Amino acid sequence: MSAPMVRAEGVYKSFGRLEVLKGVSLEVQQGEVVCVLGPSGSGKSTFLRCINHLEKIDAGRLWVDGSLVGYREADGKIYELRDSEVCRKRAQIGMVFQRFNLFAHRTVLENVIEAPTRVKGVPRTEAVARATDLLGRVGLADKLDTYPAQLSGGQQQRVAIARALAMQPKLMLFDEPTSALDPELVGEVVDVMRRLAQDGMTMIVVTHEMGFARETADRVLMMDDGRVIEEGPPDRFFDAPREERTKQFLSKIL
Amino acid sequence: MRHPGRWVAAAIVVLLSAALIASIATNPRFEWSIVGDYFFSTRVLDGLVITLELTVVSMAIGIALGIVLAVMRLSPNPLVSVASWVYVWFFRATPVLVQILFWSNISALYPRLSLGIPFGPQLTDFSANDVITPFAAGVLALGLNEAAYMAEIVRAGILSVEEGQVEAAQSLGMTRLQTMRRIVLPQAMRVIIPPTGNETISMLKTTSLVSVIAVTELLYSVQLIYAVNFQTIPLLIVASIWYLIFTTVLSIGQYYVERRFSHRGSRDLPETPFQRIRRNLFSFRHATVEPSGGSGGSG
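None of these values were measured; they are calculated from a predicted model. (Residues numbered from 1 in each chain as written. Chains lettered and ligands numbered in written order. Predicted model: local features only at pLDDT ≥ 70, side-chain atom pairs only at ≥ 80, totals over all residues. Heavy atoms only, no water.)

S.K.: So what exactly am I meant to see when it comes to the layout of surface pockets here?
M.R.: Picture a little ball the size of a water molecule; that probe, rolled over the atoms, points out where space is still empty. Of the pockets and cavities examined, the largest pocket occupies roughly 910 Å³. Mapped by element, the contributors of at least two residues to the lining of the largest pocket are α2 (83–90) of chain A together with α8 (134–160), α9 (163–171) and α10 (176–206) of chain B. By residue number, the principal contributor to the lining of the largest pocket is α10 of chain B, which donates five residues. A class-by-class count of the residues in the lining of the largest pocket yields 15 nonpolar, five polar and nine charged. (1 Å grid on protein atoms, 1.4 Å probe; cavity = no way out; pocket = protein on both sides within 12 Å on 5 of 7 lines; lining within 4 Å. Points joined across faces, edges and corners; volume = space filled by probe spheres on them. Helix = DSSP H or I, 4+ residues; strand = E, 2+ residues; numbered from the N terminus. Nonpolar A, V, L, I, M, F, W, Y, C, P; charged D, E, K, R; others polar.)

As structure tokens, then:
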């Protein structure tokens, strides 16, 4: 079996005196879809942001695809990576945000080709062709020249997913991708994510979308107070949670 | 009458304006014919050109250095950030007139300027008086002073861009410089441009301070003329009208640039005043009032 796509060992992270992650350990295999549940403030989003080094971890080890995140190990010592190396690693990990974060001054197409052309040096015509294809697949072929402000939340989030996929990432992180959407727009985004999962993408999804977690996830994790307190396949997790805290949480949101 | 107060106020304004215009037109000491004689004289026009050059070059220095200072100020490196803070503090805390005098007397402090390695060999060497001409001293003083103000304007613009934009760019693997240049600064423009327009207009007038170090810009040019013919007032009027004309031109330019930048990202631009007047005249004539065109959404 190949190395796990993500491996965390005792990851700690504090913001000032507030300890947000208190020893998170987990593994995510290649091609696996993992949903992370938990109350707000439990550290789900922070952990996700640590995986692509948007946040630096304070202690523990975190590997993506076999190499340390943000650091390099040599002769038993750990060295911080240079900015350019951090950027190169980040380019291999796609991230989708709760608030979409599309570049407001760029059209849909420009949003999607920005990173491939600027970061990877893909020729413009090739990037446009691939972007057009991706936007077609998320159902936005007719919105190429539209600005983000003119799109609905669901459309914006689908552009954001296409933008992340345009970098051909080996891992996709979703930070509450449907939490900022009107209820009737959640479905269109979830559909795109489901198809992505079926295509074999490795995905870590922080979500409150229980339907998605139950149907699409290979594994569900429960985080509380900076730790992973329970994990299991979705059927077992939802139908027979073991931890009291999980039961409480599920009873509140289901 | 429904609003008697308004009629009274309007009458007072009209009366006072009439009195002012009558006085300007009839008081012979305004010497309007002399104003006319000198308005397009070569010396005045040459001075005007130098004023415009000073404005453009000083603003260019101010904007370029201001952006660098703003980015430095927001750097995670504390030494870099503090250096920028000290610069802004120093230049804002001293009058620009003093700075102008200082630069024009720089040769008293450093008679020779040389380029080389500190404590090491020197590569080139100039006399300060040759390099720092009065024009150069003026540009340096105005530009370096302006940079301090522009730094604060640019910093406010950068801070106005949502943090999520930076995170999205970083998550795509863009470097800090790419993120700043491609994502943050273009969006900061809508906040940066209006005060930059003000600064440019202000700079056009501030260049007149450089007259104290004998740069023959607009003000010093007319001063040289009236020092000889004693027509002080008419010549000051000549200079004032030129300043008025160019600040007006800049204001109009500012309006159009602002309109362009604040509405990128939404489809329709708001009407210009001319378009509004045209539309009003048109709808007035036809007595049918169309609902005014789409309001520009948030961009």
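S.K.: Please explain unusual backbone geometry as it appears in this structure.
M.R.: With a phi angle near 50 degrees, Gln168 of chain A is a residue other than glycine that sits in the positive phi range. With respect to the helices and strands, the residue Gln168 of chain A is situated in the loop between α5 (153–165) and β9 (171–175). Notably, Phe230 of chain B is not glycine yet its phi reads approximately 60 degrees, a positive angle. Along the chain, Phe230 of chain B turns up in the loop between α11 (218–229) and α12 (232–262). Residue classification places Phe230 of chain B among the exposed positions, given a relative accessible area of 67%. (Buried < 20%, exposed > 50% of the residue type's maximum accessible area, 1.4 Å probe, protein only.)

S.K.: Explanation requested: the nonpolar core in the structure shown.
M.R.: Across soluble globular proteins, nonpolar side chains have a tendency to be buried as a group. All names here are of chain A. Ranked by internal contacts, the top residues of the largest apolar core, which has 50 residues, are Leu37, Leu135, Ile161, Met172, Phe174 and Met203. The element best represented in this core is helix α6 (residues 183–198), accounting for eight residues. Counting 37 residues, the second largest nonpolar core, distinct from the first, contains Val6, Leu54, Val64 and Ile93. (Core = buried A, V, L, I, M, F, W, Y, C linked by side-chain atoms within 4.5 Å.)

S.K.: Just to check I follow, could you spell out the interface of chain A and chain B for this structure?
M.R.: Frequently, the measure chosen for interface size is the accessible area that the parts lose on association. Each partner contributes to the interface: chain A provides 26 residues, whereas chain B provides 23 residues. Contact between chain A and chain B buries roughly 2200 Å² in total, counting both sides, with carbon and sulfur atoms accounting for 53%. Of all residues in chain A, the largest losses of buried area upon contact with chain B belong to Phe103, His105 and Arg118 of chain A, amounting jointly to 25% of the total for that side. Here chain A and chain B share three salt bridges between them. Ionic pairing is found between Glu167 of chain B and Arg49 of chain A, a salt bridge with its closest N-O pair at 2.8 Å. Secondary structure elements with two or more residues in the side of chain A that touches chain B: α2, β8 (93–96), α3 (108–119) and α5 of chain A. The element contributing the most residues to the side of chain A that touches chain B is α3 of chain A, with four residues. Grouping the constituent residues of the side of chain A that touches chain B by class yields 15 nonpolar, four polar and seven charged. (Contact = heavy atoms within 4.5 Å. Buried area = accessible area lost by both parts, 1.4 Å probe. Salt bridge = Lys/Arg side-chain N within 4 Å of Asp/Glu carboxyl O.)

S.K.: What's the story with the packing of helix α3 (residues 42–73) of chain B against α11 of chain B in this structure? I'm lost.
M.R.: Each pair of packed helices gets described by two things: the angle between the helix axes and the distance between those axes. Residues and elements named next belong to chain B. With their axes 7 Å apart at the nearest point, α3 and α11 run at an angle of 155 degrees to one another. Put simply, α3 runs roughly antiparallel to α11. The residues of α11 that touch α3, namely those facing Arg43, Val44, Gly47, Leu48 and Thr51, are Leu218, Ser221, Val222, Leu224 and Ile225. Tallied by class, the residues present in the contact of α3 with α11 amount to six nonpolar, three polar and one charged. (Axes fitted to C-alpha atoms, helices over the stretch in contact; angles between N-to-C directions. Parallel < 35°, antiparallel > 145°, perpendicular 65-115°, else oblique.)

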